[in-house]
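# Tertiary structure, described
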Amino acid sequence: MGSRILLSDFAYLAPTTLAEALQILAEKQAVKILAGGTDLLLRMKLGTISHVDYVMDIKHIKELNYACLCDEKQCGSTANGAFCIGPTATLNQIAKNGDLSRLFPAQREAILAMAATSVRNRGTMAGNICNASPVADSAIPAICYGAALTLQSRRGKRIVALEDFFRGPGETELEKDEMLVNIALPVPPADSGAAFIKKSRVKPDIAKISLGVFIERDGTLIKRCRIAMGSVAPLPLYVQKISEGLAGLEMNEQLIAKTAQMVKAALKPISDLRTNQEYRRAISSVLVEEGLRLAWRNAGGELK
Amino acid sequence: MSKHLIHLTVNGKEHELTVASNELLLNVLRDRLYLTGSKYGCGVGDCGACSILHGDESVLSCLVLAVEADGWDITTVEGLADGDQLNPVQQAFLDNSAVQCGFCVPGMVITSTALLRENDDPSEAEIKDYLRGNYCRCTGYVAMIKSVMDAAAKMRGE
């Protein structure tokens, strides 16, 4: 671990246009994309990454660095538009954005819960997502907000819902020649709210378990709900059936308790170095209860 | 492996260097520019001992390739003082006896300086949160946090 020079022997490439980057991905083998490097370089140091021949730094591609509101339909944005995040936008760049803070407070909270400021000054949300850790903090609220990813290769572009992007630990929908070129968070409608809760030993730690909830409210009824959880499955988990089953129901404490028990019964977490499966299961229902209440209140709802 | 010509401005001085693709910025600062203030602690982004300033932002130099830093304006702990005049954070660390073994102190001072450039009136909670990625294994945090409060007050002219 202590090597001051990375042991792996790779060539460094720094394309200045997206077309050039996509050509490299299409033509060369064993290419790793370098954005912030806070995961990639440490995994190369620890030797937990497969053989790398080329490290392709995408920070010289100016057009990939943005975090702003956008109304272009091609991003997969909805009627209200979307907040779009480029692949080299750093976590602090995103979290310090006023529009993101105002429209997606749970996303901001999740980003600020990651590591520490010096890591967030380099690390990117795109990198956090592409590493596909089952505990990826930034992915949890983004799933709840309905994030859409644009994947691009020389063959073209496609849009994938974030919850469909993950296949397993470190495994994603990305083909060898593709890269993530945009993250779009659809602007939420009025009367909606979200919550993010992370349980860890101390703040900069990776979560033992995390939860995101998004609720769109129609008076005292739930119009739409999306629950996602981290570190309870081999991928950041969208709790789809249970979330969708809440649509049209009256929000109250009984529903909250029932939903929390359903989620707990559906989860099959594992034990690992951060905590054990018994704790994850036991605390999951508490998180779901807290998250549903918080998101409902943030949506302007009241609870009797 | 590939070789690259890079330009760095470190503590106001310009350097032109040829670096290997797998060289880390911390390695270049310490072993080639002999700026050994930045420390090699954990090497994996946990401890903050290698913190440097890239412009006004704190960055972990153990997780940056030297070639990535081409064109950067860097301040290491050696560049914080103006001649014999310590920067307010350094002076406050001295006044509060906030140094025990000293290994974490360059990173602590750098990260605290970044905080005060961003916010000249941080609360104790904000300081703790900002410094949460800088570990002191002597656990001397109390005097350090007080030092940052004192430095902030001094910078505000109080």
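Residues numbered from 1 in each chain as written. Chains lettered and ligands numbered in written order. Predicted model: local features only at pLDDT ≥ 70, side-chain atom pairs only at ≥ 80, totals over all residues. Heavy atoms only, no water.

## Brief notes about the domain arrangement of chain B
Residues and elements named next belong to chain B.
- When cut into domains, chain B gives domain 1 (3–79) and domain 2 (88–155).
- Centre-to-centre separation of domain 1 and domain 2, based on C-alpha positions: 21 Å.
- On the side of domain 2, 12 residues touch domain 1, which itself brings 17 residues to the contact.
- Summed over both sides, the interface of domain 1 with domain 2 buries roughly 1,200 Å², with 63% coming from carbon and sulfur.
- At the boundary of domain 1 and domain 2, one finds one salt bridge.
- Notably, a salt bridge pairs Arg117 with Asp56, separated by 2.9 Å at the nearest N-O pair. (Domains from an automatic or database assignment. Contact = heavy atoms within 4.5 Å. Buried area = accessible area lost by both parts, 1.4 Å probe. Salt bridge = Lys/Arg side-chain N within 4 Å of Asp/Glu carboxyl O.)

## Details of the domain arrangement of chain A
Residues and elements named next belong to chain A.
- Partitioning chain A into domains gives domain 1 (11–57), domain 2 (64–185) and domain 3 (192–299).
- The C-alpha centroid of domain 3 is placed 20 Å from the C-alpha centroid of domain 2.
- Domain 2 puts 22 residues into the contact, and the matching count from domain 3 is 25 residues.
- Buried area between domain 2 and domain 3, both sides added, is near 1,800 Å², and the carbon and sulfur share of it is 69%.
- Looking at the side of domain 2 facing domain 3, the largest losses of area belong to Val135, Ile140 and Cys144, adding up to 32% of the total buried there.
- Summed over the shared surface of domain 2 and domain 3, the number is two salt bridges.
- Residue Glu163 is joined to Arg226 by a salt bridge in which the shortest nitrogen-to-oxygen separation is 2.9 Å.
- Summed over the shared surface of domain 2 and domain 3, the result is six residue pairs in polar contact (both at pLDDT 80 or more).
- Among the secondary structure elements, those contributing two or more residues to the side of domain 2 that touches domain 3 are helix H5 (105–112), helix H8 (139–144) and strand E8 (166–168).
- Top element by residues in the side of domain 2 that touches domain 3 is H8. It accounts for five residues.
- Grouping the constituent residues of the side of domain 2 that touches domain 3 by class yields 15 nonpolar, three polar and four charged. (Polar contact = N/O pair within 3.5 Å; in protein donor to acceptor, adjacent residues only side chain to side chain. Helix = DSSP H or I, 4+ residues; strand = E, 2+ residues; numbered from the N terminus. Nonpolar A, V, L, I, M, F, W, Y, C, P; charged D, E, K, R; others polar.)

## What about the interface of chain B and chain A?
- Facing the 34 residues of chain B at the interface are 37 residues of chain A.
- Overall, the association of chain B and chain A removes approximately 2,800 Å² of surface from exposure, summing both partners, and the carbon and sulfur fraction of that is 55%.
- Taken together, the connections running from chain B to chain A amount to three salt bridges.
- One salt bridge in this structure joins Glu118 of chain B and Lys96 of chain A, with 3.6 Å as the shortest N-O distance.
- For the pair chain B and chain A, the number of links is 15 residue pairs in polar contact (both at pLDDT 80 or more).
- When residues of the side of chain B that touches chain A are traced back to their parent elements, those giving at least two are helix H1 (25–32), strand E4 (57–60), helix H3 (105–118) and helix H4 (124–130) of chain B.
- Of the residues belonging to the side of chain B that touches chain A, the class tally is 15 nonpolar, 11 polar and eight charged.

## With respect to the packing of aromatic side chains
All names here are of chain A.
- For the coordinates displayed, the defined rule picks out four aromatic pairs over all chains.
- Residues Phe165 and Phe166 carry aromatic rings whose centres are separated by 5.6 Å and whose planes lie at 75° to one another, so their mutual orientation is edge-to-face. Each member of the pair, Phe165 as well as Phe166, is classed as buried.
- Grouped by ring-pair contacts, the aromatic residues Phe83, Phe104, Tyr145 and Phe214 constitute a single cluster.
- The residue whose ring lies beneath Lys208 is Tyr279, and the NZ or CZ to ring-centre distance is 5.3 Å.
- Residue placement shows Arg226 over the ring face of Tyr238; its charged tip is 4.4 Å from the ring centre. (Phe/Tyr/Trp six-rings, centres within 6.5 Å; stacked < 30°, edge-to-face > 60°. Buried < 20%, exposed > 50% of the residue type's maximum accessible area, 1.4 Å probe, protein only. Lys NZ or Arg CZ within 6 Å of the ring centre and 35° of its normal.)

## Here's the deal with the sheet that holds strand E4 (residues 67–70) of chain A
All names here are of chain A.
- Strand order in the open sheet made by the five strands is E4-E5-E10-E6-E7, with antiparallel pairing throughout. Of all the strands in the sheet, just E4 and strand E7 (156–161) have a single pairing partner and so form its edges. Averaged over all pairs of adjacent strands, the angle between strand axes in this sheet comes to 25°, irrespective of strand direction.
- Of the strand pairs in this sheet, strand E6 (residues 148–153) and strand E10 (residues 179–186) are connected by five bridges, and their pairing is antiparallel. Within the sheet, the bridge partner assigned to Leu151 lies in E10 and is Leu180.
- Together, E6 and E10 form the strand contacts of helix H1 (residues 18–27), whose direction differs from that of E10 by roughly 125°. (Pairing = 2+ DSSP bridges. Axes fitted to C-alpha atoms, helices over the stretch in contact; angles between N-to-C directions.)

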